[in-house]
Amino acid sequence: MTKKIFIKSYGCQMNVYDSDRMAELMGGEGYEQTEDMTDADMVVLNTCHIREKAAEKVYSELGRVRKNKQQRTENGKETIIAVAGCVAQAEGEEIIRRAPIVDIVVGPQSYQNLPDVLKEFNTTGKPVIETEFPIEEKFAKLPGITANSPSSFVTVQEGCDKFCTFCVVPYTRGGEYSRPVAKILDDAKRLVDQGVRELTLLGQNVNAYHGESPDGKECTLAGLLEELSKIDGIKRLRYTTSHPRDMEDDLIRAHRDNPLVMPYLHLPFQSGSDKILKAMNRRHTRDFYIELVERIREAQPELALSTDIIVGFPGETDKDFEDTMELVETINYASAYSFKYSSRPGTPAAESEEQIDEGVKKQRLALLQKRLTEQQKSFNESKIGSQMTVLLEKKGRHENQLIGRSPYLQAVHLETNHATIGDMVDVTIEGATLNSLKAVINTSC
Ligand code: 5AD
Ligand code: SF4
C-alpha cells in the first residue's frame, strides 16, 4: 500500500516552493501527498521563523500533531513526525527536547536529504537532526521541478548577506547563494513543457542574483531574465523579493525593454525614517528609495509597486512613524504587507532596550493599514474601463468562472465558455474591489 505524507507549509513563497519539492522528493520514495493529517504516515511541518512567537506556534501545533499520532497508534498505525524550515534551523535539538514526539528535524538547506534521513531514522529508531548548509548539494539533489499551474515559482537565489537587524533569514537560510543559469534554464524549459506560461523567480534577496553563466561569467538578474525570455512558450516573468540597494540599472532597463517582464515590483522599504533605517542596517535612506522609485517609474510608467513595512521597530518615535506614513503617501502603493515589529532571538534589534509598547505598535499598524487599503482599492479602481491581458490560472467558485492575474498581479475574475486555464485572454475591466478585478473577455468582430 502506498504511504501518505501530509505537509503543512507556513510563511513565505519560498516555503511553499520547498514544500512542493519535499512532496516530489518523497513521491520518489513511494509517499503520496494527502490533505488529511489523520490519514498520513508521515507529517511534515515546514515552518517559518519570521512571524511573532513563531517557535511557540510550532510547539502548540506539535501538540495537535501528537494527539493525532496517539490516535493513530491506538489504531495500530505508525506516524513519523518531521519539522522542517526555518524554525527547525533555529531551534535544532531543542525541538526534540521540548517535543519528544518529533523524529526528524531538517533545516531549509538540508531537506534534500529527507529520504536518507528517513532511512536513518527507520534503521536506528533515534531522532535525526540535519541542519547543515550544503546549499549547492541541495539543488543538485532535488528532483526536476513539476508544475501544477500555468504560473510557477523557480528558486534562483537563496539566503541573504544583508543582516537587517530585525531579520532571521541570514541565520536560518544562510549566506547569499545564486543557482547557475543553466540549471534555472533547465527548470524553466521543463516547466514550459508542462504548460507553464509565467515564471516568478524567487529569492530572499533576488535582485542580488549573480549566478554563473554557461561561459563561466557572472550573470545578473537582468541577464537571467533575458535568457529566460528566449525560451519559447514563456509569456511572463516576475521576480521577488528585491532589496533597494540591489536594483541595478540593467534590471531597471529590463522593465522598460523586455516586454515579458511584468510591470510589477515588490520593493520593501521597512521604514520611512532615516534614523530607523540606519538602526535596521538597511543600507539605504528614504531619499535613496524615493529617487530609485522615480527612476524605475520613468523606465516603466505602468509599474505597480508593492512593499513591506515594519512599525514599532525599537526606538521608533511618533515622528519616525509619521515619516513612514509620509513615504507611503509619496510613493502610493498598489499593495503592501505591513507588520508590527516582533523581536527574533539572536538578532541585534532583539537586544535593544528601546522596545515599543504593544498597544502603540497596534495603533500605528492600524493607521498604516487603513491608508494602504485605500491606496490598494484606488489602484484597483483606476483599472476600471482599461484593457489588459490576463493569464487564466484556475477555476472560480461559480460555474464558467475563471480566475487569472493581471500584469500588475491583481486577481481577475471573469466568466467564459470559450477560454480555459493557461490561456492568455484580452479583457476589459468592468469592476474592482479591494482584492480583485472583474472583467469581460474582448470579442473580436
Ligand atoms: N518583525 C516584524 N516584521 C519582520 N519582517 C522580517 N522580520 C521581522 C520582524 N522581526 C518582515 C519584513 C520582511 C518581511 C518578509 O517580514 O518586512 O520584509
Ligand atoms: Fe532579511 Fe530581507 Fe534584510 Fe535579507 S534583506 S536580512 S532577507 S529583511
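The structure displayed is predicted, hence computed values, not measured ones. (Residues numbered from 1 in each chain as written. Chains lettered and ligands numbered in written order. Predicted model: local features only at pLDDT ≥ 70, side-chain atom pairs only at ≥ 80, totals over all residues. Heavy atoms only, no water.)

A look at a negative patch on the surface
Stage number 1. Together, Asp274, Asp287, Glu291, Glu294 and Glu298 line one region of the surface with negative charge.
Stage number 2. No other element matches helix α12 (residues 286-299), which puts four residues into the negative patch.
Stage number 3. In this fold, Asp287 is placed in helix α12.
Stage number 4. For Asp287, a relative accessible area of 46% translates into the label partly exposed. (Patch = residues over 30% accessible without salt bridge, like charges linked within 9 Å, V, L, I, M, F, W, Y side chains within 5 Å. Areas by Shrake-Rupley, 256 points an atom, 1.4 Å probe, with all protein chains shown as cover. Salt bridge = Lys/Arg side-chain N within 4 Å of Asp/Glu carboxyl O. Lys, Arg positive; Asp, Glu negative; His and termini not counted. Charge placed at Lys NZ, Arg CZ, Asp CG, Glu CD. Helix = DSSP H or I, 4+ residues; strand = E, 2+ residues; numbered from the N terminus. Buried < 20%, exposed > 50% of the residue type's maximum accessible area, 1.4 Å probe, protein only.)

A look at the site of ligand 2
Stage number 1. Close to ligand 2 lie Cys160, Lys162, Phe163, Cys164, Phe166, Cys167, Val169, Pro170, His243 and Arg282.
Stage number 2. Here the shell around ligand 2 is composed, by residue class, of seven nonpolar, one polar and two charged. (Near = heavy atom within 4 Å. Nonpolar A, V, L, I, M, F, W, Y, C, P; charged D, E, K, R; others polar.)

Quick look at the sheet that holds strand β16 (residues 335-340)
The pairing of strands in a sheet happens through backbone hydrogen bonds and is either parallel or antiparallel.
Stage number 1. Strand order in the open sheet made by the three strands is β14-β15-β16, with parallel pairing throughout. Of all strands in the sheet, those with a lone pairing partner are β14 (264-266) and β16, marking the two edges. This sheet shows a mean twist of 10 degrees between the axes of neighbouring strands, independent of strand direction.
Stage number 2. Note: strand β15 (residues 304-311) against β16, six bridges, orientation parallel. For Val311, the partnering residue across the bridge sits in β16 and is Lys340.
Stage number 3. Against the sheet, helix α14 (residues 358-381) makes contact with β15 and β16, and its axis sits at roughly 175 degrees relative to β16, the strand it touches most. (Pairing = 2+ DSSP bridges. Axes fitted to C-alpha atoms, helices over the stretch in contact; angles between N-to-C directions. Contact = heavy atoms within 4.5 Å.)

Section: the nonpolar core
Stage number 1. If you look at the biggest cluster of nonpolar residues, it comprises 53 residues, and the most contacted ones within it are Leu199, Leu201, Leu224, Leu228 and Tyr239.
Stage number 2. Aside from chain neighbours lying at most four places away, what touches Leu228 is Ile184, Leu185, Ala188, Leu199, Leu201, Ile234 and Leu237.
Stage number 3. Formed by 24 residues, the second largest nonpolar core is a distinct cluster that contains Leu114, Phe121, Phe139 and Leu142. (Core = buried A, V, L, I, M, F, W, Y, C linked by side-chain atoms within 4.5 Å.)

Examining the domain arrangement of the protein chain
Stage number 1. The domain architecture assigned to the protein chain consists of domain 1 (3-133), domain 2 (137-381) and domain 3 (387-441).
Stage number 2. The C-alpha-based centres of domain 1 and domain 3 are spaced at 37 Å. (Domains from an automatic or database assignment.)

Focus on the packing of aromatic side chains
Stage number 1. A full pass over the atoms with the stated rule returns seven aromatic pairs.
Stage number 2. Note on Phe269 and Tyr333: the rings are 6.0 Å apart at their centroids and 20 degrees apart in plane angle, and the pair reads as stacked. Of this pair, Phe269 sits in the loop between β14 and α11 (274-279) while Tyr333 is found in the loop between α13 (318-331) and β16, placing the two residues 64 residues apart along the sequence.
Stage number 3. Feature note: the residues Phe166, Phe313 and Tyr341 constitute an aromatic cluster, connected by ring pairs.
Stage number 4. Taking NZ or CZ as reference, Arg21 lies 4.4 Å from the ring centre of Tyr17, over its face.
Stage number 5. Geometry around Phe288 places Arg245 over its ring, the cationic atom sitting 5.8 Å from the centre. (Phe/Tyr/Trp six-rings, centres within 6.5 Å; stacked < 30°, edge-to-face > 60°. Lys NZ or Arg CZ within 6 Å of the ring centre and 35° of its normal.)

As for unusual backbone geometry
Leaving glycine out, the prevailing phi sign among residues is negative, and the prevailing peptide bond configuration is trans.
Stage number 1. Put simply, Thr240 and Thr241 share a cis peptide bond, and its omega is 5 degrees.
Stage number 2. With phi around 70 degrees, Gln270 is a residue other than glycine that occupies positive phi space.
Stage number 3. Turning to its location among the elements, Gln270 is positioned in the loop between β14 and α11.

Let's talk about the side chain of Thr324
Stage number 1. Mapped onto the secondary structure, Thr324 falls in helix α13.
Stage number 2. Among the polar contacts made by the side chain of Thr324, one reaches the main-chain amide nitrogen of Gly272 at a distance of 2.9 Å.
Stage number 3. Residues within four places of Thr324 in sequence aside, it is in contact with Phe269, Ser271, Gly272, Ser273, Ile309 and Leu368. (Polar contact = N/O pair within 3.5 Å; in protein donor to acceptor, adjacent residues only side chain to side chain.)

Quick word on the site of ligand 1
Stage number 1. Taken together, Ile50, Arg51, Phe166, Gln270, Asp308, Ile310, Phe339, Lys340, Tyr341, Ser342 and Arg344 make up the full set of residues near ligand 1.
Stage number 2. Here an oxygen atom of ligand 1 and a side-chain polar atom of Asp308 are 2.6 Å apart.
Stage number 3. Considering ligand 1 on its own, with 400 Å² of exposed area, one finds that the protein chains cover 86% of that surface.
Stage number 4. The class makeup of the residues in the shell around ligand 1 is five nonpolar, two polar and four charged.

Section: the pattern of salt bridges
Stage number 1. Inspection of the entire model under this criterion finds 31 salt bridges.
Stage number 2. Lys275 is the salt-bridge partner of Asp320, the closest N and O atoms lying 2.8 Å from each other. One end of the pair, Asp320, is in helix α13; the other, Lys275, is in helix α11, with 45 residues separating them in the sequence.
Stage number 3. Across the pair Glu358 and Lys340 runs a salt bridge whose closest N-O atoms are separated by 3.4 Å. With a gap of 18 residues between them, Glu358 in helix α14 and Lys340 in strand β16 connect regions that are remote in the sequence.
Stage number 4. Look at Lys340 and you get partly exposed, because its relative accessible area is 26%.

Describing the sheet that holds strand β21 (residues 436-441)
Stage number 1. Strand order in the closed barrel formed by five strands is β17-β18-β19-β21-β20, with mixed pairing between adjacent strands. Neighbour-to-neighbour, the strand axes of the sheet open up by a mean angle of 55 degrees, direction not taken into account.

Observations regarding the layout of surface pockets
Stage number 1. One number sums up the size of the second largest pocket: a volume of about 190 Å³.
Stage number 2. What lines the second largest pocket is a set of 13 residues, among which Phe139, Leu142, Gly144, Arg179 and Asp187 lie closest to the centre.
Stage number 3. The set of elements that each furnish at least two residues to the lining of the second largest pocket consists of α1 (13-27), α6 (135-141) and α8 (181-193).
Stage number 4. When residues in the lining of the second largest pocket are grouped by element, the largest group, four residues, is from α8.
Stage number 5. Tallied by class, residues from the lining of the second largest pocket come to six nonpolar, one polar and six charged. (1 Å grid on protein atoms, 1.4 Å probe; cavity = no way out; pocket = protein on both sides within 12 Å on 5 of 7 lines; lining within 4 Å. Points joined across faces, edges and corners; volume = space filled by probe spheres on them.)

A look at the pairing of strand β3 (residues 42-47)
Stage number 1. Burial runs high along β3: six of the six residues are buried.
Stage number 2. Residue alternation in β3 divides its side chains into two sets, Met42, Val44 and Asn46 and Val43, Leu45 and Thr47, and both sets are buried.
Stage number 3. Looking at chain direction, strand β1 (residues 3-9) and β3 are connected through five bridges and run parallel. When the sheet's bridge partners are listed, Lys8 is paired in β3 with Leu45.
Stage number 4. For β3 and strand β4 (residues 80-84), the ladder comprises five bridges, and the chain directions are parallel. Residue Leu45 lies in a different strand from β4, and its bridge partner there is Val83.

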